[in-house]
Amino acid sequence: MKGRYFWFFLGTVIIFILLISLINWKLVKKDGGQDLGYEEIVIPDNSKYIPKDAELTIHWALSQDSLTEYIKRNSRKRKWKDKQSAIIELRDRVFLVFGIDYKKDFGDSINKQISLTLLHNQETNKTDWMIFIKEIKNDDESDFIETFVANKSNETNKTEIEKYKESIIHIIKYDSTNNKSQIALSRLNKNNLIVLASNSEVIKKGIDASEQEISNQMNDVNIIEAKEKLKKAFCLIISSPNILNNGLTTKKAINEKIFISLKAKRNKILWDGLFKAKDVYEGPYLPIVYNKEASEMLSKIGGNIQDYAIINQPSRVIRINNNDPISRIKNIFFTSLFNERNEYLPRLIIEEENKFAILIKEPSGWIIGVKKDTEALKKINQKLNEQGYKESTILEDSQELRIWAKDYIINENNEKKLIHEIAGLLKKDKEYNWWAENIEAMNEKESEISQTFEKYIVSRNTKDFNPLSQNLQLSQPSSKKIIKEWSLYQLAQSLIGKDLTEYIQDLEVNINDIDDLGNYTFKGNLTFKEDL
């Protein structure tokens, strides 16, 4: 695979993993039992044959029977077969990228453990791949490799055999529509472990890595440590920094491997992850002491909250030239809450806040809550004045409301028009400064809280909830917008030929600092619509 096709495949695999478990399933039970089965993360024995420098490795540990039962258990009776067919079709499309007909070539002859690995070949500047499977012996004792080669044999395909050390490598060469392609496969050990690869050289590289402990993923200390921290999952992803840096446009903020584990519950995909930053933040890290206080602040916000973010050390996070990866990543999310027209004042507020801030998007506009800070308010007022905004004060329900606005004239269709532009409003209470985009948003904040959001706040205050330092919750419109901007998704959509964001309900992302050495954790979930 050359560069362009590598990203097509990569995006597809990731989107496939997200959707294979939870595509538009309607729950029929409310008393538990909707989890997708997963176990303690183990480093499979095929890791012995995966070089440390692999671009991407996905260890999948979910049987087809478990998936089928999960879909059936969590779906309406009249729909589950259609959903199962859709997932199987999507799975088959992914494996066809490798020239593998899943049903014909694999069938029931492999167990639930499948591992996929991508490696960048520096000599050819192409992407090589390996797929590891374990053969299940049938009653007729038919050999998987013999059957696979026989299925691929025809007048145009050529088959060859190479011997490398103690292994026999079978090579199938055939013509595709674009270029000459091949699949190589070999049995690697007595435990029925089989590898399929883009060519025989990749298999040889894997065999060499297995003989040198420092060269393979089985003995990679970082992977072993990550496994202990991520615990249970049905899928483990080990990625080079290129994946998130390029695929999610984080401007090369991530320095070393990224580890992600996936779980599923009801109509949610949940993930936990670890990564290391390229540039270490040099300033002091504040302890996460605001979580309870932030939840209490949120519980007092009324109206129909669509999106919100809780940001620790906002002045650090939002700083444009900050090399801290949280700054890079959160800047992307900041744009989902605001736009060029209304983001000037929010950025001023965030840049001057050193403790924490709550950013909220309601139908009428944005709302920001911060701790009272006289000096920060003076700086914000000064910068607004420099931009021509003048302050005025009015009383509303016996409370002081400060407004910053300016008037100017524009020419529109050869006519002069007077524009009255409001930067924002400020209302104080005993402990906090509450900023709003307009009077409607301020009034929404003080109206009755929506039942949906009230339930969400209650869930955040349970013993099981462990918020991280940076938190973002996006509604469906904002989730779709931000996901559509990710190049991984764009490439996946190009290959699949379908807009998958129609199934999305909301997205939650949480990121946390571990220490001042640049180590970070992240977690979140993607919720799918229950009834489509």
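You'll find the structure just up there.
The following paragraphs examine the structure supplied in this document. (Residues numbered from 1 in each chain as written. Predicted model: local features only at pLDDT ≥ 70, side-chain atom pairs only at ≥ 80, totals over all residues. Heavy atoms only, no water.)

## As for the nonpolar core
At step 1: Core analysis: the largest hydrophobic core is formed by 75 residues, its most contacted members being L196, L359 and W435.
At step 2: In this structure, L196 is in contact with I100, F106, W129, M130, I131, I133, F148, I183, A184 and L185, ignoring residues within four places of it in sequence.
At step 3: Membership of the second largest hydrophobic core comes to 19 residues, among which are L298, Y308, I367 and M442. (Core = buried A, V, L, I, M, F, W, Y, C linked by side-chain atoms within 4.5 Å. Buried < 20%, exposed > 50% of the residue type's maximum accessible area, 1.4 Å probe, protein only. Contact = heavy atoms within 4.5 Å.)

## Topic: empty space enclosed by the protein
At step 1: Applying the stated criterion across every chain yields a total of three cavities of 30 Å³ or more.
At step 2: Approximately 60 Å³ is the volume found for the second largest cavity.
At step 3: As for the second largest cavity, its lining consists of I349, E352, E353, V370, K371, D373, A376, L377, I380, N433 and W435.
At step 4: When residues of the lining of the second largest cavity are traced back to their parent elements, those giving at least two are β15 (365-371), α13 (374-386) and β19 (432-436).
At step 5: Per-element tally for the lining of the second largest cavity: the top contributor is α13, with three residues.
At step 6: Of the residues contributing to the lining of the second largest cavity, the split by class is six nonpolar, one polar and four charged. (1 Å grid on protein atoms, 1.4 Å probe; cavity = no way out; pocket = protein on both sides within 12 Å on 5 of 7 lines; lining within 4 Å. Points joined across faces, edges and corners; volume = space filled by probe spheres on them. Helix = DSSP H or I, 4+ residues; strand = E, 2+ residues; numbered from the N terminus. Nonpolar A, V, L, I, M, F, W, Y, C, P; charged D, E, K, R; others polar.)

## Re the pairing of β19
At step 1: Counting buried positions along β19 gives five out of five residues, so the element sits mostly inside the fold.
At step 2: Side chains Y432, W434 and A436 of β19 all project onto a buried face; the interleaved residues N433 and W435 project onto the opposite face, where all are buried too.
At step 3: In this sheet, β19 lies alongside β15 in antiparallel orientation, the contact comprising five bridges. Considered in β19, the bridge of I368 is made with W435.
At step 4: Both strand β18 (residues 415-428) and β19 contribute to a ladder of four bridges, which runs antiparallel. Across the sheet, K427 pairs through a bridge with W434, a residue of β19.
At step 5: What sits between β18 and β19 in their antiparallel hairpin is a turn of three residues. (Pairing = 2+ DSSP bridges.)

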